[in-house]
Amino acid sequence: MQPLYIQLDHRDNVAIVANAGGLPEGTVFPSGLTLTEAVPQAHKIALKQLAEGEPIIRYGHTIGYAKRSIARGAWIREDLVIEPQAPRLEELPICTNVPATLPALEGITFEGFRNQDGTVGTKNILGITTSVQCVAPTVEFAVRRIKAEILPHYPAVDDVVAITHPYGCGVAINVPNAEIPIRTIRNISRNPNLGGEAMVVSLGCEKLQPTRLFPDGSLPVLNNEPWVVRMQDEEYRGFGDIVGAIMRMAEIRLEKLNRRNRGPCPASELSVGMQCGGSDAFSGVTANPAVGYAADLLVRAGATVMFSEVTEVRDAVGFLTARAATPEVARALIREMTWYDDYLKLGYADRSANTTPGNKRGGLANIVEKALGSVAKSGSTALAGVAGPGERVTTKGLVFAATPASDFICGTLQTAAGMNMHIFTTGEGTPYGLAIVPVIKVSSRTALAERWPDLIDLDAGPIATGGQTVEQVGQKLFELILDVASGRKKTWSDHWGLHNPLALFNPAPVT
């Protein structure tokens, strides 16, 4: 391939090298630009001479300031970029650029599992929730036996999952921020892919009593008994008796789940979480814009699209408050950003702590550049709603579900929010997956998709070289979402059983 760089906006004074393996010193581009040094793929080059202190512009926006004079054709390394201050939340535009509603997409369906609570699952899974970490090994032991001895008799059920976590006791249970992990566990138990119903194994003495895990505070009843096994109850004699009780309760639930069949459901019943991890400088050029295009199609079909990761939105939040459907939605977004700013200050940190060594190896200089690429996943529709960490999302359209940027915590909180499909973009690569929700992985670079053909579900790399357009890849992703949601295709993470443990977000004190 001839030497190629990508300039995203006519205002940009930098571009990224597109060629796999990078380019050597002396390379001459068709524009006449000559590299003054070797530059790795995805890293930035100066399109003009930059003076000390001059803004460095990518995506049409300032991502930093030159620490010293930078020659035309030079490699703009991370250490040459002074990071800007975060936007002032009190000065953000409010509803100044609300997009017009796009034409609806009618008649788009998938094959899903309808639940009694009105939600629709893309999987049919028995989930067994734990109220405290103490019972996790017992539940995991029981789940292994259920899978081996009982599940084969119920072929319509996809899996049995132990919903374990390091919470429930030794915590300040009644302080305000404790509601975040509690509602997260509660809402994960009600995820549409679990049938919208919870079954719980408890110890008995823990602070997080099972009643807190049900919306109305009362335990559901199964054959005149609560849908809970409490290990410390005197009726149980030994470990085997306790495991037997869990297995008996599970089999009754499996019988119910096994009667469910996939049926036609409107695409409006999809709740799709968007996330990125192992991002690189191509993520905002290829994968994330393609996801954004698919997000627009989903919104047009009436679905819910959730994007998250507060620190990866913080520096681009003004685009979103301007796109908010109402001032109330904009203020809710600012509220979540403010809360998280204050949370980070408690740890003597700010959003700049987000970027990883892999991000920087992939050409991202700082969190500002990362955020401008990350927000592309949100597409172009109006922001219809905002949810706090662990809250259940019921709004249709584009929703910001506030979460940390940690892949595992974000995925956990989006699962609690009710997502039944998950889209994950990556530039550097990750085997991340979830047991409860199918995870479609989209690569930002063809080199990654070729190196990991049995981990990446869709390659957005051809966008970088003009082989495909954002719209073409976005359409492919939209169709893949419908196929995976219908059970017609399986993601690589589900094929291999690569399922990360859930990770709670607990900002409350531990006692």
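Residues numbered from 1 in each chain as written. Predicted model: local features only at pLDDT ≥ 70, side-chain atom pairs only at ≥ 80, totals over all residues. Heavy atoms only, no water.

J.: What should I look at first to understand the pairing of strand β21 (residues 439-443) in this one?
T.: Look at any regular strand and the pattern is simple: side chains alternate between the two faces of the sheet. Among the 5 residues in β21, 5 count as buried, and that is most of the element. Side chains of β21 alternate between two faces, with Val 439, Lys 441 and Ser 443 and Ile 440 and Val 442 buried alike. Taken together, the 5 bridges between strand β20 (residues 421-426) and β21 define a ladder with parallel strand orientation. Each bridged residue has a counterpart across the sheet, and for Ile 423 the counterpart in β21 is Ile 440. Running through helix α10 (residues 446-451), the crossover from β21 to the neighbouring parallel element strand β22 (residues 458-459) is right-handed. (Buried < 20%, exposed > 50% of the residue type's maximum accessible area, 1.4 Å probe, protein only. Helix = DSSP H or I, 4+ residues; strand = E, 2+ residues; numbered from the N terminus. Pairing = 2+ DSSP bridges. Right-handed = clockwise from strand over helix to strand, strands pointing away.)

J.: What should I look at first to understand the pattern of salt bridges in this one?
T.: Side chains that differ in sign of charge can pair as their charged atoms come close. Here the structure, examined in full by the defined rule, presents 27 salt bridges. Asp 159 is the partner of Lys 147 in a salt bridge, and the nearest nitrogen-oxygen pair spans 3.3 Å. A residue pair is termed long-range when its members are at least 10 positions apart, and Lys 147 in helix α1 (residues 136-150) and Asp 159 in strand β10 (residues 159-163) qualify at 12 residues. For Lys 147, a relative accessible area of 37% translates into the label partly exposed. (Salt bridge = Lys/Arg side-chain N within 4 Å of Asp/Glu carboxyl O.)

J.: So what exactly am I meant to see when it comes to the sheet that holds strand β3 (residues 44-46) here?
T.: Where strands meet in a sheet, backbone hydrogen bonds hold them as pairs that are either parallel or antiparallel. Strand order in the open sheet formed by 3 strands is β1-β2-β3, and the pairing between neighbours is antiparallel. Of all strands in the sheet, those with a lone pairing partner are β1 (5-6) and β3, marking the two edges. In this sheet, β3 lies alongside strand β2 (residues 14-17) in antiparallel orientation, the contact comprising 3 bridges. By the bridge assignment, Ile 16 is partnered in β3 with Lys 44.

J.: I tried to follow unusual backbone geometry on my own but got confused; where do I start?
T.: What is expected of a backbone is that most residues other than glycine have negative phi and most peptide bonds are trans. Despite not being glycine, Ala 42 shows a phi value in the positive range, around 80°. Topologically, Ala 42 is positioned in the loop between β2 and β3. What makes Ala 42 buried here is its relative accessible area of 2%. Backbone geometry places Glu 309, a non-glycine residue, at a positive phi of 70°. Looking at the secondary structure, you find Glu 309 in the loop between β17 (304-307) and α5 (317-323). With relative accessibility at 0%, the residue Glu 309 sits in the buried group.

J.: Looking at this structure, I do not really get the sheet that holds strand β7 (residues 109-114). What am I missing?
T.: With respect to topology, 3 strands assemble into an open sheet ordered β8-β7-β15, the strand pairing being antiparallel. Of all the strands in the sheet, the pair left with one neighbour each is β8 (120-121) and β15 (263-266). In terms of strand pairing, β7 meets β15 through 4 bridges, oriented antiparallel. Its bridge partner being in β15, Glu 111 is matched across the sheet by Pro 264.

J.: Please clarify how the packing of aromatic side chains should be interpreted in this entry.
T.: Geometrically, a pair of aromatic rings is defined through the distance of the ring centres and the angle of the planes. By the definition in use, this model includes 12 aromatic pairs. Cluster of aromatic residues (ring-pair linked, three or more members): Trp 339, Tyr 340, Tyr 343 and Phe 505. Above the plane of the ring of Trp 75 lies Arg 77, whose end atom (NZ or CZ) is 5.6 Å from the centre. (Phe/Tyr/Trp six-rings, centres within 6.5 Å; stacked < 30°, edge-to-face > 60°. Lys NZ or Arg CZ within 6 Å of the ring centre and 35° of its normal.)

J.: Can you help me understand the pairing of strand β19 (residues 397-401) in this one?
T.: Extensive coverage of β19 is indicated by the burial of 5 of its 5 residues. The pairing of β17 with β19 spans 4 bridges and is parallel. When the bridges of β19 are listed, Val 305 appears paired with Leu 398. Taken together, the 4 bridges between strand β18 (residues 383-387) and β19 define a ladder with parallel strand orientation. In the sheet register, Ala 387 faces β19, and the bridge partner there is Ala 401.

J.: For this particular structure, what's the right way to read the side chain of Ser 189?
T.: Summarising the element assignment, Ser 189 is placed in helix α2 (residues 179-189). On the basis of relative accessible area, Ser 189 is assigned to the buried category, the value being 2%. Among the polar contacts listed, one links the side chain of Ser 189 to the side chain of Thr 129, at a separation of 2.7 Å. (Polar contact = N/O pair within 3.5 Å; in protein donor to acceptor, adjacent residues only side chain to side chain.)

J.: Is there a simple way to think about the packing of α1 against helix α3 (residues 239-258) in this case?
T.: Axis separation between α1 and α3 bottoms out at 10 Å; the angle between their running directions is 55°. The orientation of α1 with respect to α3, classified from their angle, is oblique. Crossing of α1 over α3 shows right-handed handedness. In this structure, α1 uses Thr 138, Phe 141, Ala 142, Arg 145, Ile 146, Glu 149 and Ile 150 to contact α3, whose residues at the interface are Phe 239, Ile 242, Val 243, Ile 246, Met 247, Ala 250, Glu 251 and Leu 254. When its residues are assigned to classes, the contact of α1 with α3 shows 11 nonpolar, 1 polar and 3 charged. (Axes fitted to C-alpha atoms, helices over the stretch in contact; angles between N-to-C directions. Parallel < 35°, antiparallel > 145°, perpendicular 65-115°, else oblique. Left-handed = near helix turned anticlockwise from the far one by under 90°. Contact = heavy atoms within 4.5 Å. Nonpolar A, V, L, I, M, F, W, Y, C, P; charged D, E, K, R; others polar.)

As far as function goes, none of this settles anything; it's purely spatial.
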